[in-house]
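So you can see what is in the structure, the chains are spelled out below.
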Amino acid sequence: MGDVVSNESLANLLKEERRFAPPADLAANANVTAEAYEQAKADRLGFWAEQARRLTWATEPTETLDWSNPPFAKWFADGKLNVAYNCVDRHVEAGNGDRVAIHFEGEPGDSRAITYAELKDEVSRAANALTELGVSQGDRVAVYLPMIPEAVVSMLACARIGAAHSVVFGGFSADAIAKRVADADAKVIITSDGGYRRGKPAALKPAVDDAVAREDSSVEHVLVVRRTGQDVAWTEGRDVWWHELTERQSAEHTPEAFDAENPLFILYTSGTTGKPKGILHTSGGYLTQAAYTHHAVFDLKPESDVYWCTADIGWVTGHSYITYGPLANGATQVMYEGTPDTPHQGRFWEIVQKYGVSILYTAPTAIRTFMKWGDDIPAKFDLSSLRILGSVGEPINPEAWMWYRKNIGADKCPIVDTWWQTETGAMMISPLPGVTETKPGSAQRALPGISATVVDDEAREVPDGGGGYLVLTEPWPSMLRTIWGDDQRFIDTYWSRFEGKYFAGDGAKKDEDGDVWLLGRVDDVMLVSGHNISTTEVESALVSHPSVAEAAVVGAADETTGQAIVAFVILRGTANADDEGLVADLRNHVGTTLGPIAKPKRVLPVAELPKTRSGKIMRRLLRDVAENRELGDVTTLTDSSVMDLIQTKLPAAP
Ligand code: 6R9
């Protein structure tokens, strides 16, 4: 919270009374019941040792947690396993080789079904190919691909040979690739000629060529998947076509067992400032929690469910809930290459209908966009196959939650709002669909085996009804092991704010039942007349007005109140941005919903909001605008023209 930090706990303004019980049939057949909480509470390590048995180990672990050198954890340290074997081979061996693992849907409408048996062959060939390129256990491989099956195959091929992958989101620049590749010291980059984006082929290889051309590049080979068929520049000796290399490999590859703590991947998070942090995840504990949470939170029935996570493989959600969790559980899933409005705004719902998707996992930013596009669009499709809806990435505003439930979930599907981070590796706080009476906008309760709470500035647990900082009080299997190459930064960033506790960097409150509500990043918390006010609560109040589709609020320096709340809003369909009355109405609406203290000083209707490439609102940039400052770092922004638009909207500061 920088220099505006107040010793007062976060104000608790929003009241939400709506409750939704789990559907009776779902509760009766749920994978996980309320007993799991009791069991994990009685014996947390025993609980995780039992969950680790979902995996197939070459050597069963005898030790669950080694916490002798905190905050450096080791889970299942004397166990050995092969992660790719767990995600692929064992399902084939169990007689499920004919089950579809991935229904791939390309943006131009091409599609491909890949069974577990086929996936096993592809992963084995790719593992042999990487070996031929000189990659071995302990090496790093960068992956810069669109959302195509080869992305999953590449990750699993690395895992299979014990090399760590570092996936770089396909929308990042040459500069971002170069920094990440250099930090991880990657030997090989796997990329493609391009991918389809908004109806057109978009090139990927030029950014890799540019990144690799830099002097300090560690890259020996660039492995290129042909996706769009567009022309590519070629460096003989360095560049290799994926199809040429993999086609001549054997489909046999014996998976070697690696230590549970063998690095599985590095994934960079930009944070708000500074050099990206290479978050390191390892094998046995990570896969245990990814698989368990996917089983428990989505109630996955691998024989009958069709699961779809709309995230990109370049984010942690794609890692844990496209590649590792679902495949470890033998799920059938949809993988979609493109954008939600290509070629039309009903594309997602058309895909749900086409494949009979039963579990959908998406982000609040997408849900708010669908709200803006209108209820009539999903209404044109048959969504009756859906039974569980998930949300991740940002706090979900209660009104967006209600819209999701009503318009996508036919007013019956439980919504699981899952809180977690790149650093946590897997879900930490979420309802369980067969157990929890859900509340719109709350992630509710730490999952079985997870210990989370909310503390004040002095590290004291806040009572029910209080607000403060979200912390994790016990180590968990899929926790980050360190920041790659920087143990001190790992300690400073996460373990120094509160002694012995993991500091998540999110504001949170506990309601009268002890359920957790996430209130946004603590760097974004506003300090108005001595009160800490969460961005999420004010934004949710704005989104609960029928004219507002999306809102972002920031605290801008103010002579009288310290900070004043400035709100940027995207209006719904017919609302008029020049309507003075509407602006006054929105201010009053927040005043009556949350109280006068939370009333924005200014409300500015805008056409777009600045977002990171994973869809999170970048309030930092809006703060720069609201305080008439030069914009800070915009490199992680999806579309920098958005900021020009917003700046022209802004009247000179009073
Ligand atoms: C998985 C992912 C992590 C940050 C996290 C928090 C926000 C994610 C949330 C949520 C409220 C949820 N966040 N899920 N806030 N409710 N259900 O998004 O990882 O990209 O590392 O972001 O996202 O602020 O700290 P990552």
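Residues numbered from 1 in each chain as written. Predicted model: local features only at pLDDT ≥ 70, side-chain atom pairs only at ≥ 80, totals over all residues. Heavy atoms only, no water.

### Notes on the UniProt feature "domain: Acetyl-coenzyme A synthetase N-terminal" (unreviewed entry) in the chain
Reasoning step 1: Cross-referencing UniProt, the feature "domain: Acetyl-coenzyme A synthetase N-terminal" (unreviewed entry) maps to residues 34-87 in the present numbering.
Reasoning step 2: What you have in residues 34-87 is 41% helix and 20% strand, and the ends, taken at the C-alpha atoms, are 28 Å apart. (UniProt positions renumbered as here; feature names shortened; annotations may be inferred. Helix = DSSP H or I, 4+ residues; strand = E, 2+ residues; numbered from the N terminus.)

### Comments concerning the sheet that holds strand 22 (residues 467-472)
Reasoning step 1: Spatially, the four strands line up as an open sheet ordered 21-22-24-25, and their pairing is antiparallel. Pairing within the sheet leaves two strands with one partner each, and these edge strands are strand 21 (452-455) and strand 25 (516-521). Recorded for the sheet is a direction-independent mean angle of 45 degrees between the axes of neighbouring strands. (Pairing = 2+ DSSP bridges. Axes fitted to C-alpha atoms, helices over the stretch in contact; angles between N-to-C directions.)

### Comments concerning the pairing of strand 5 (residues 111-115)
Reasoning step 1: Bridge analysis of strand 4 (residues 100-105) against strand 5 gives five bridges, and the strand direction is antiparallel. Counterpart to Val100 in the pairing with strand 5 is Thr115.

### Considering the sheet that holds strand 19 (residues 388-391)
Reasoning step 1: Spatially, seven strands are ordered 5-4-17-16-18-19-20 in an open sheet, and the strand pairing comes out mixed. Lying at the two open borders of the sheet, with one neighbouring strand each, are strand 5 and strand 20 (415-417). Averaged over all adjacent pairs, the angle separating strand axes in this sheet is 20 degrees, with direction ignored.
Reasoning step 2: In the packing of helix 6 (residues 149-161) onto the sheet, contacts are made with strand 4, strand 5 and strand 17 (333-336), and the angle to strand 5 comes to roughly 30 degrees. (Contact = heavy atoms within 4.5 Å.)

### Overview of the packing of helix 17 (residues 535-543) against helix 18 (residues 580-594)
Reasoning step 1: Axis separation between helix 17 and helix 18 bottoms out at 9 Å; the angle between their running directions is 120 degrees. Considering their axes alone, helix 17 and helix 18 lie oblique with respect to each other. The element helix 17 and its partner helix 18 pack so that their crossing is right-handed. Here Glu537, Val538, Ala541 and Leu542 of helix 17 come into contact with helix 18, specifically with Leu586, His589, Val590, Thr593 and Leu594.
Reasoning step 2: Here the residues of the contact of helix 17 with helix 18 are counted per class, giving six nonpolar, two polar and one charged. (Parallel < 35°, antiparallel > 145°, perpendicular 65-115°, else oblique. Left-handed = near helix turned anticlockwise from the far one by under 90°. Nonpolar A, V, L, I, M, F, W, Y, C, P; charged D, E, K, R; others polar.)

### Thoughts on the pattern of salt bridges
Reasoning step 1: Under the criterion given, the structure shown has 45 salt bridges.
Reasoning step 2: A salt bridge links Arg160 to Asp89; its shortest N-O distance comes to 2.9 Å. You can see Arg160 sitting in helix 6 and its partner Asp89 sitting in helix 4 (residues 83-96), a full 71 residues away along the chain.
Reasoning step 3: On the accessibility criterion, Arg160 (1% relative accessible area) is buried.
Reasoning step 4: Asp515 is the salt-bridge partner of Lys439, the closest N and O atoms lying 2.7 Å from each other. (Salt bridge = Lys/Arg side-chain N within 4 Å of Asp/Glu carboxyl O. Buried < 20%, exposed > 50% of the residue type's maximum accessible area, 1.4 Å probe, protein only.)

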